[in-house]
Number of protein chains: 2
Amino acid sequence: MYRLGIDLGGTNIKAGIVNEKHELLYQCSEPTDVGRTAEYTADRIACLIRKLMEESKITREEISFLGIGSPGAIDIKRGIVLFSNNFGWDNVPLTEMLHSRLSFPVLMANDAQCALIGELAAGAAAGHKNVVLITLGTGVGGSILTDGKLLNYEKGGGILGHTVIHKNGRKCSCGRRGCLEAYGSASALIQTAEKCISENPHSLLAEYAEKQGGVTGKTVFDAAKEQDITAQNIIKEYISDLGEGIANIINIFRPDKILIGGGISNQKEDLISPLTDYVYEQCFAKDKLYLPKIECAALGNTAGIIGAAALEQYID
Amino acid sequence: MYRLGIDLGGTNIKAGIVNEKHELLYQCSEPTDVGRTAEYTADRIACLIRKLMEESKITREEISFLGIGSPGAIDIKRGIVLFSNNFGWDNVPLTEMLHSRLSFPVLMANDAQCALIGELAAGAAAGHKNVVLITLGTGVGGSILTDGKLLNYEKGGGILGHTVIHKNGRKCSCGRRGCLEAYGSASALIQTAEKCISENPHSLLAEYAEKQGGVTGKTVFDAAKEQDITAQNIIKEYISDLGEGIANIINIFRPDKILIGGGISNQKEDLISPLTDYVYEQCFAKDKLYLPKIECAALGNTAGIIGAAALEQYID
């Protein structure tokens, strides 16, 4: 039997067919056309799935279920998007809407939760029962697996990026001040770098940024590797902020492993090694309790589809 | 059938017999005599239970199981105290040690977890499946119920008090800087008040402290109620710090309810009302997602025994 996985993003809807070994056999995608109604989006997803099935010549009878990862706060058990800022949705019963269009059994989780399940099924979390995934991109996302199952938040939750580490600190996109996201996201790193470049226009960092036509997370890591002091200080502060947030998460969940995904995770050991050093110093009872390995997620862009298609195994 | 509950504290061991309605029928206690080996403590617990059974004339056959709440990081499933700072214990298989002495089935959880289970069985959490208890005493303790079960931390966890809300802030007893405990505990409130008294020796707060022979949490709340500006500022800052920590917890777990226990919870509405106002302002998607009611725990000192005696129902 095959499974269908959907990764519903703010930009694209990606759909895939996955086999029982969690191998992604076929995939396709199309623009989300965000800002329209949930009914419209459900129709678009249904179209995409029919197209995928036609092109792959896999029939309804060969498919056991459809899993979907959606942004926002999800009630997994009832299959409802409680709230999605990006989509402007409130209490949307998306699983039911897809079931009525496609007649498959449908399961839904948050997009970060699906990415974690993907890593668990076929990536860096394989074999573990307690894992936290943190994604460092436009925002800081997160998802939590405890005892082999996704935590279900009936009323929303799992918003790891919007936990304050600097009371009265930087203004965050959520309206609060001092959130982990305002310090640990790729966007936060870039903003800090842009500010430092305007203050240090002759730094190597400024030179790299000009050459590359702008700053990305990579620009800052590259300049730091070439001993640029401005960039090194930015990275040091970035890692300490991110490290405080991760140590908080470890003290709360003490998982087997922390996985780091999102754009910044492309820095691999240049990120992981100093981050691990910082985090281990901050963990409660660091000499007595287990310290989780911190490592990069393995599946990249396909984690969400593979995870959505494996949801059945990881939801109670 | 009856159940036995043990609340193992740093000062006293309390034991009780509880019926199926979660009513505490008999109880007794004796000093813990802390700092000795786990074997010694297990013997003391066994003695106390035999005494309780003899005095209550309840026989072995009438007792279904023994539950125990212990300080520290507990692996619920394996019944092991992973680490307890107060007791100086590492990887102590306390349930097995008690089982071999008493032959009852034994279950163990953290003391704060037992208090939460007590509140769930017969107190302020009754009827709910997702609740977080936060205790404001010498430290800031916490425990988390999700989907009707205690989160089990195989490797330690649930250390809500040692999550940083003020990076590079006050030194905490755990070695880290800026933890919730360093701002939200009764001890933190008292320390701030003592500092303010030395700076404002003519304040009403200073006068109250002198009359009462020292500062407690109550001293500060009392002076604030009488319009003492020094005390009001302390309370305002205290509530905002505590509120940041609680908003973080809501964003992660979004429970049905937040319960507040420990000494400071005696301030009832003088604490709960301004705290709720502050927290609700800080919650993610505050206009869209459910906002948990914040209220005081109901059972006080007996929550731990009643909860320990009810563990069987709330552990997977």
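Placed above this text is the structure.
**Q** Now, about the packing of aromatic side chains: what can you tell me, with residues and values included?
**A** This structure, assessed with the given rule, holds 3 aromatic pairs over all chains. With a centroid separation of 4.6 Å and an interplanar angle of 40 degrees, the aromatic rings of A:Phe87 and A:Trp89 are classed as tilted. Residue classification places A:Trp89 among the buried residues on the basis of a relative accessible area of 4%. Centre to centre, the rings of A:Phe253 and B:Phe253 are 5.5 Å apart; their planes meet at 45 degrees, and the pair counts as tilted. Here A:Phe253, found in helix H8 (residues 229–253), pairs with B:Phe253, found in helix H8 (residues 229–253), and the two come from separate chains. What makes A:Phe253 buried here is its relative accessible area of 5%. Positioned over the ring face of A:Tyr40 is A:Arg36, at 5.0 Å from the centre of the ring. We note B:Lys155 situated over the ring of A:Tyr290; from NZ or CZ to the ring centre the distance is 5.1 Å.

**Q** Run through the sheet that holds strand S3 (residues 24–31) of chain B, naming residues and quoting values.
**A** All names here are of chain B. The mixed open sheet is built from 5 strands, whose spatial order is S3-S2-S1-S4-S8. At either end of the open sheet lies a strand with only one pairing partner, and these are S3 and strand S8 (106–110). Ignoring strand direction, the axes of neighbouring strands in this sheet form an average angle of 15 degrees. When strand S4 (residues 63–70) meets S8, the two strands line up parallel, connected through 5 bridges. The residue of S8 that forms the bridge with Gly69 is Ala109. Across the face of the sheet, helix H3 (residues 111–122) comes into contact with strand S1 (2–8), S4 and S8 while running at roughly 105 degrees to S8.

**Q** Lay out the relation of the copies chain A and chain B in plain terms, naming residues and giving numbers.
**A** Copy one and copy two of the chain differ by a rotation about an axis and a translation along that axis. Of the transformation superimposing chain A on chain B, the axial component is 0.0 Å and the angular component is 180 degrees, with the fit at an RMSD of 0.0 Å. On this basis, the relationship between the two copies can be described by a two-fold rotation axis. Of all interface residues in chain A, 100% are interface residues in chain B too; the two copies therefore contact each other through one and the same surface.

**Q** Please give an account of the packing of H8(A) against helix H9 (residues 269–282) of chain A that cites residues and values.
**A** All names here are of chain A. Two elements in contact, H8 and H9, have axes separated by 8 Å at closest approach and are oriented at 55 degrees. Taken together, the axes of H8 and H9 lie oblique to each other. Read as a crossing pair, H8 and H9 show a hand that is right-handed. Contact with H8, carried on its side by Tyr238, Ile239, Ser240, Leu242, Gly243, Glu244, Ile246, Ala247, Ile250 and Asn251, involves Asp270, Leu271, Pro274, Leu275, Tyr278, Val279 and Gln282 of H9 and no other residues of that element. Across the contact of H8 with H9, the residue classes tally to 11 nonpolar, 4 polar and 2 charged.

**Q** Summarise the packing of helix H6 (residues 204–212) of chain A against helix H7 (residues 217–225) of chain A; cite the residues concerned and give the values.
**A** Residue and element names in this part refer to chain A. In contact at an axis separation of 9 Å, H6 and H7 are set at 135 degrees when each is read in the N-to-C sense. Between H6 and H7, the crossing angle belongs to the class labelled oblique. Where H6 crosses over H7, the two elements pack in a sense that is right-handed. For the pair H6 and H7, the contacting residues are Leu204, Leu205, Tyr208, Ala209 and Gln212 in the first and Thr219, Val220, Asp222 and Ala223 in the second. Class assignment of the residues belonging to the contact of H6 with H7 gives a composition of 6 nonpolar, 2 polar and 1 charged.

**Q** Summarise the pairing of strand S3 (residues 24–31) of chain A; cite the residues concerned and give the values.
**A** Two elements, strand S2 (residues 12–18) of chain A and S3(A), share 7 bridges in a ladder whose sense is antiparallel. Bridging across to S3(A), A:Ile13 finds its partner in A:Glu30.

So, how was this worked out
Residues numbered from 1 in each chain as written. Chains lettered and ligands numbered in written order. Predicted model: local features only at pLDDT ≥ 70, side-chain atom pairs only at ≥ 80, totals over all residues. Heavy atoms only, no water. Phe/Tyr/Trp six-rings, centres within 6.5 Å; stacked < 30°, edge-to-face > 60°. Buried < 20%, exposed > 50% of the residue type's maximum accessible area, 1.4 Å probe, protein only. Helix = DSSP H or I, 4+ residues; strand = E, 2+ residues; numbered from the N terminus. Lys NZ or Arg CZ within 6 Å of the ring centre and 35° of its normal. Pairing = 2+ DSSP bridges. Axes fitted to C-alpha atoms, helices over the stretch in contact; angles between N-to-C directions. Contact = heavy atoms within 4.5 Å. Least-squares fit on C-alpha atoms with pLDDT ≥ 70 in both. Parallel < 35°, antiparallel > 145°, perpendicular 65-115°, else oblique. Left-handed = near helix turned anticlockwise from the far one by under 90°. Nonpolar A, V, L, I, M, F, W, Y, C, P; charged D, E, K, R; others polar.

Note that every value here comes from positions in space, so none of it alone points to a role or purpose.
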